[in-house]
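Structural overview for review
Spelled out, the chains give:
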Amino acid sequence: QVQLVESGGGLVQAGGSLRLSCAASGRTFSSYGMGWFRQAAGKEREFVASISWNIGRTHYADSVKGRFAISRDNAKNTVYLRMNSLKPEDTAVYYCAASATTWGTSSGSYVFWGQGTQVTVSS
């Protein structure tokens, strides 16, 4: 099993930046694909970004491409989401997730989920 804990959320002005962190338990972190998803109030959970377990290949949602960057530090068992040029529509609870088999964009591909961290972007 893998346990995930997100941190780094908060309140930020439009145009500002935040870096989210997701700390994973266990010594098998490096073998998992990792994804970030978000869920805004009144909306379904949506894909944000993902990164592979091997050489750091990535996917990004069109809505965040060019503004967000996902990365991982396997030595620290941590995956990051750097968010720049934040917009009010980025306001959501952000969740990290882990998959032993994929680094895809579908939430159904991920088995392990964190508790979420709130990101609020004011105008």
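To start, this report covers the structure provided alongside it. Bear in mind the structure is a predicted one, so any value in this text is a computation, not a measurement. (Residues numbered from 1 in each chain as written. Predicted model: local features only at pLDDT ≥ 70, side-chain atom pairs only at ≥ 80, totals over all residues. Heavy atoms only, no water.)

1. Observations regarding the sheet that holds strand β7 (residues 68–73)
Heads up, the condition is: For two strands to be treated as a pair, DSSP must find no fewer than two bridges joining them. Helical segments are the DSSP runs of H or I of at least four residues, strand segments are the runs of E of at least two, and each set is numbered from the N terminus. Lines fitted to C-alpha atoms define the axes here, with helix axes fitted over just the stretch in contact, and angles between the N-to-C directions of these axes take values from 0 to 180 degrees.
Strand order in the open sheet formed by four strands is β1-β3-β8-β7, with antiparallel pairing between adjacent strands. Because the sheet does not close on itself, it has two edges, and the strands there are β1 (4–7) and β7. Direction aside, the axes of adjacent strands within the sheet are offset by 15 degrees on average. Examined bridge by bridge, β7 and strand β8 (residues 78–83) share six bridges and lie antiparallel to one another. Note that in β8 the partner of Ile 70 across the bridge is Leu 81.

2. Focus: the nonpolar core
Most often, soluble globular proteins keep nonpolar side chains buried together rather than apart. To keep things clear, this is the line we draw: Definition used in this section: a nonpolar core is a set of buried Ala, Val, Leu, Ile, Met, Phe, Trp, Tyr and Cys residues joined via side-chain atoms within 4.5 Å. Only protein chains enter the calculation, and the probe is 1.4 Å; a residue is then buried if its accessible area is under 20% of its type maximum, exposed if over 50%, and partly exposed in between.
Leu 4, Trp 36, Leu 81, Met 83 and Tyr 94 are the most contacted members of the largest nonpolar core, which has 33 residues in total. Within the residue set of this core, elements represented by two or more residues are β3 (18–24), β4 (33–39), β5 (46–51), β7, β8, β9 (92–99) and β11 (117–122). Per element, the largest residue contribution to this core is five residues, and it comes from β9.

3. Considerations on the pairing of β5
For β5, the buried fraction is high: five of the six residues fall into the buried class. Of the strand pairs in this sheet, β4 and β5 are connected by five bridges, and their pairing is antiparallel. For Gly 35, the partnering residue across the bridge sits in β5 and is Ser 50. Hairpin geometry of β4 and β5 is characterised by an intervening segment of six residues between the two adjacent antiparallel strands and by a positive phi of about 80 degrees at Gly 42. Strand direction decides the pairing type here: β5 and strand β6 (residues 58–60), joined by three bridges, are antiparallel. Residue pairing in the sheet places Ile 51 in a bridge with Thr 58 of β6.

4. Comments concerning the pairing of β1
A one-sided burial pattern is seen for β1, the buried positions being Leu 4 and Glu 6 and the unburied ones Val 5 and Ser 7. Bridge count between β1 and β3: four bridges; the pairing is antiparallel. Note that in β3 the partner of Ser 7 across the bridge is Ser 21.

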